[in-house]
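Structure assessment
Here's the letter readout for the chains.
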Amino acid sequence: MSELTPEVLISEEQIQSRVLALAEDISADYADGGELVMIGVLKGSFIFLADLSRRLSIPRTIEFIAVSSYGNGSVSSGAVRLVMDVRGNIEGKHVLIVEDIVDTGHTLKYLIGMLKSHRPASVRTAALVRKAESAEVDVTIDYLGFDIGDEWVVGYGLDFAEQNRTLPYIGVIKPTDG
Ligand code: 5GP
């Protein structure tokens, strides 16, 4: 059987410097006050959220939310289901949704609408990666790390069938010969 080896698409250095730049933008934009709640979308955003939140120079709290994914396959169904809601009260607070990757945009669009029903002061979005060509719905990403093509990526929180989440870089799985 051939082995599956991720090929580096975005290096650890590129990710770290982009995350720092995003953190500086976020810190500047929210410097005027109000309570900032960063809401990580499980599971894929856990590393991005950890790095991004630790580089902010402003006060913030952390929440998590979970939605149904595509299972272990790689084709979007377009249907999104809430698996775990936020635990804390976000009413009147500034919400920043932290997503790993935006593909069709259905997940982020659903989350924005759902979180707005909790009556926060504002809702903005951060995503490490976007597959620009795959967009099916119009959704604004206020803080974007990288645009990539339409290929399945792993690492830095992202998985393929639960593997490869803890790679420090973002890679593409290419089958090797043999
Ligand atoms: P969307 O609703 O935008 O189509 O999909 C967003 C979700 O699809 C992401 O949060 C992620 O769980 C999953 N996803 C889409 N593309 C990829 C990919 O290339 N790699 C991984 N690991 N997950 C992906």
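The structure this text deals with has already been given above.
Cut-off values and rules
Residues numbered from 1 in each chain as written. Predicted model: local features only at pLDDT ≥ 70, side-chain atom pairs only at ≥ 80, totals over all residues. Heavy atoms only, no water. Helix = DSSP H or I, 4+ residues; strand = E, 2+ residues; numbered from the N terminus. Rg over C-alpha atoms; globule rule 2.2 N^0.38 Å. Buried < 20%, exposed > 50% of the residue type's maximum accessible area, 1.4 Å probe, protein only. Contact = heavy atoms within 4.5 Å. Phe/Tyr/Trp six-rings, centres within 6.5 Å; stacked < 30°, edge-to-face > 60°. Lys NZ or Arg CZ within 6 Å of the ring centre and 35° of its normal. Core = buried A, V, L, I, M, F, W, Y, C linked by side-chain atoms within 4.5 Å. Polar contact = N/O pair within 3.5 Å; in protein donor to acceptor, adjacent residues only side chain to side chain.

1. Quick look at the overall build of the protein
In terms of helices and strands, the protein carries three helices and nine strands. When the elements of the protein are put in sequence order from the N terminus, they spell out β-α-β-α-β-β-β-α-β-β-β-β. Whereas a compact globule of 178 residues would reach a radius of gyration of roughly 16 Å, the protein reaches 16 Å, a difference of no more than 12%. Taking all 178 residues of the protein together, the buried fraction comes to 44%. In the protein, 67% of the contacts between residues at least 6 apart in sequence involve partners at least 24 apart.

2. Brief notes about the packing of aromatic side chains
Scanning the model with the defined rule gives zero aromatic pairs in all. A cation over an aromatic ring shows up here: arginine 124 above the ring of tyrosine 30, its NZ or CZ 5.0 Å from the ring centre.

3. Structural notes on the environment of glutamate 99
The topology assignment puts glutamate 99 in strand β5 (residues 94-102). Separated by 29 residues in sequence, glutamate 99 and leucine 128 have C-alpha atoms that sit 6.8 Å apart. Look past the residues within four positions of glutamate 99 in its chain and what remains in contact with it is Val41, Ser45, Phe48, Thr107, Leu108, Ala126, Ala127 and Leu128.

4. Observations concerning unusual backbone geometry
Omega for the bond connecting leucine 42 with lysine 43 falls within 30 degrees of zero, at -5 degrees, which places this linkage in the cis form. Positionally, lysine 43 belongs in the loop between β2 (36-42) and α2 (46-54). Of note in the backbone geometry, arginine 119 takes a positive phi value of approximately 55 degrees without being a glycine. With respect to the helices, strands and loops of the structure, arginine 119 is situated in the loop between α3 (106-116) and β6 (122-131). Phi is positive for glutamate 162, which is not a glycine, with a value near 70 degrees. Checked against the element boundaries, glutamate 162 lands in the loop between β8 (153-154) and β9 (170-175).

5. Here we look at the nonpolar core
The biggest cluster of nonpolar side chains holds 29 residues, and the ones touching the most others in it are Leu52 and Leu96. Going through the elements one at a time, α1 (12-29), β2, α2, β5, β6, β7 (143-148) and β9 are the ones with two or more residues in this core. Setting aside chain neighbours within four positions, we find leucine 96 in contact with Ile26, Tyr30, Leu36, Val37, Met38, Ile39, Arg124, Thr125, Ala126 and Tyr143.

6. Re the environment of serine 117
Mapping serine 117 onto the fold places it in the loop between α3 and β6. Between the C-alpha atoms of serine 117 and alanine 127, which are 10 residues apart in sequence, the distance is 21 Å. A distance of 2.5 Å separates a polar atom in the side chain of serine 117 from the backbone oxygen of methionine 114.

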